[in-house]
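Residues per chain, in single letters:
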Amino acid sequence: MAGEALSLPQAVARALAHNPAIRAGDRSVVAAERQADLAGLAPPWVVGAEVENVAGSGSLAGVQAAETTLRLGRVLERGGKRDARVAAGTIDIERSRNALEQIRLELATEAARRFVEVLADQARTTVAAQDLALAHELTATVRRWVQAGRSPESDLDLMQIAEARADIEVEHASHELASARVSLAALWHAAEPDFDAVAGNLFELPAVPSYAALISRLPDNPALRGLALDAHAARARERVAAASARPDVTWHVGVRRLSTFNDTALIAGVSLPLGSAGRSALSVAQSEAETEAADARAQAQQMDVRQRLFSAYQELVHARTAFEAHRDRMIPKAEAALALIRKGFEAGRFSFVALSQAQRTLLELRNAQIDAAVRYHILLTDIERMTVSAGVSSP
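Residues numbered from 1 in each chain as written. Predicted model: local features only at pLDDT ≥ 70, side-chain atom pairs only at ≥ 80, totals over all residues. Heavy atoms only, no water.

(A) Region of the structure containing empty space enclosed by the protein. The tally for this structure, following the rule as stated, stands at 2 cavities of 30 Å³ or more. In this structure, the second largest cavity spans a volume of roughly 30 Å³. Looking at the second largest cavity, the residues that line it are V127, D131, L134, Q359, L362, L363 and R366. Elements with a contribution of two residues or more to the lining of the second largest cavity: helix 3 (81-147) and helix 8 (352-386). Its residues placed into classes, the lining of the second largest cavity shows 4 nonpolar, 1 polar and 2 charged. (1 Å grid on protein atoms, 1.4 Å probe; cavity = no way out; pocket = protein on both sides within 12 Å on 5 of 7 lines; lining within 4 Å. Points joined across faces, edges and corners; volume = space filled by probe spheres on them. Helix = DSSP H or I, 4+ residues; strand = E, 2+ residues; numbered from the N terminus. Nonpolar A, V, L, I, M, F, W, Y, C, P; charged D, E, K, R; others polar.)

(B) Quick look at the side chain of S96. Tracing the backbone shows S96 in helix 3. Other than its neighbours up to four places away in sequence, S96 contacts S28, V29 and A32. (Contact = heavy atoms within 4.5 Å.)

(C) Structural context of helix 1 (residues 8-18). L8, A11, V12, A15 and L16 are the residues of helix 1 that are buried. Buried positions in helix 1, seen along its axis, are confined to an arc of 125° and lie on one side of it. Residues of helix 1 that are buried make contact with strand 1 (5-6), helix 2 (20-39), helix 3 and helix 4 (153-185). (Buried < 20%, exposed > 50% of the residue type's maximum accessible area, 1.4 Å probe, protein only. Arc of directions from axis to C-beta.)

(D) Layout of the nonpolar core. Counting residues in hydrophobic clusters, the biggest one holds 51 residues, and the most contacted among them are L184, W188, V198 and L202. Excluding its chain neighbours within four sequence positions, the residues that come into contact with L184 are L6, A11, A111, R114, F115, V118, F195 and V198. Counting 21 residues, the second-largest nonpolar core is a separate cluster that includes A135, W145, V146 and M159. (Core = buried A, V, L, I, M, F, W, Y, C linked by side-chain atoms within 4.5 Å.)

(E) Here's a closer look at the pattern of salt bridges. Tallying each qualifying case throughout the model produces 23 salt bridges. One salt bridge connects R27 with D26, and the closest N-O pair in it is separated by 3.1 Å. Among the ionic pairs, E50 bridges to R71, the shortest N-O distance being 3.2 Å. Within this pair, whereas E50 is found in strand 2 (residues 46-52), its partner R71 is found in strand 3 (residues 67-76), the two being separated by 21 residues in sequence. Overlapping salt bridges, with partners in common, bring together E110, R113, R114 and D382 in one network. (Salt bridge = Lys/Arg side-chain N within 4 Å of Asp/Glu carboxyl O.)

(F) Examining the pairing of strand 6 (residues 263-271) more closely. Sheet analysis places strand 5 (residues 249-258) next to strand 6, joined by 9 bridges and oriented antiparallel. By the bridge assignment, G254 is partnered in strand 6 with I267. In this antiparallel pair of consecutive strands, strand 5 and strand 6, the connection spans 4 residues, and N262 shows a positive phi of 55°. (Pairing = 2+ DSSP bridges.)

(G) Focus on the layout of surface pockets. Volume-wise, the largest pocket comes out at about 210 Å³. Together, E117, D121, R124, A128, E169, H172, A173, E176, R360, L363 and N367 line the largest pocket. Breaking the lining of the largest pocket down by element, the ones donating at least two residues are helix 3, helix 4 and helix 8. When its residues are assigned to classes, the lining of the largest pocket shows 3 nonpolar, 2 polar and 6 charged. The calculated volume of the second largest pocket comes to roughly 180 Å³. As for the second largest pocket, its lining consists of D131, L158, I161, A162, R165, A166, S356, Q359, R360 and L363.

Structure (structure tokens):
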């Protein structure tokens, strides 16, 4: 894409397509699916063999009295253990998929943040260049007045200092922009930026829904949904633990060869473990505690997200107010004041101090406008992340 301007949707798409975290999350989903498949399998058949009464003494010497047994057996699960495991595995798959969605959402949000930073640094670079150009013009004006004897030499020295500072700000803005571009490209695993600039209007602030509408979207937040799934998983483990109260039966059948009589016979056996109910009760109690803890965490997180959403929404409103105040009132007045003072300075009615202050005020207000716009867009991405719409709006 070298030579082209990168849009926000393109940046988000490239991050989602090439970031290693997405691949890791996808593999985690596959691992959960295979684990669920394993959990749904019935206990395996067991084949065994035994040889008795060999290499003894007397009549049991050698293999003349050997008894050889071939056995085939299996565990017979009782109490719905397999169904409980399958249900738990299904929830684990949902948890993995939800975790992947959360990774995608966080990555899209981070891509939007870094995109805004690049866009802002482009604007700051432009403002710094404008300030440097103005400093060059004012330095030339002051030099003429010094040469004409209308201004002291100190005015030229101060103006040259201001010019040098403006030059440093241009260099600083350039470095910040380069760093922001590298940071954005790193999201799709690119060592160097493969774009020259980003395309967007930093000063266009998208509208947002009402606070009530945003609150209604919170249940879809992957973080909250993940906590709810954690509680479901804990309940599924409760069912697995409860199912273990009924002991499994292990049975087997086989054939025994008795070398002494040169005969064969069928054998059969069954075994049942003792103490399963007590062990199950302990496991159920543990799972119940984990379920209660998961429910409590979900409730706490819900309140925390609501509080953070409210704070972000209030700050978003303030950021828009600050931006509009700079755009509509303060910057136009600063530009008009600078033009008036510059004209008056050239006519000898204003001092250099007033001219320098007007220039500095305009620069600060332009940068403050950029900061307000950046603040708005960053807060908007945070709100979009909490309400599961990250990457929708484009600056």
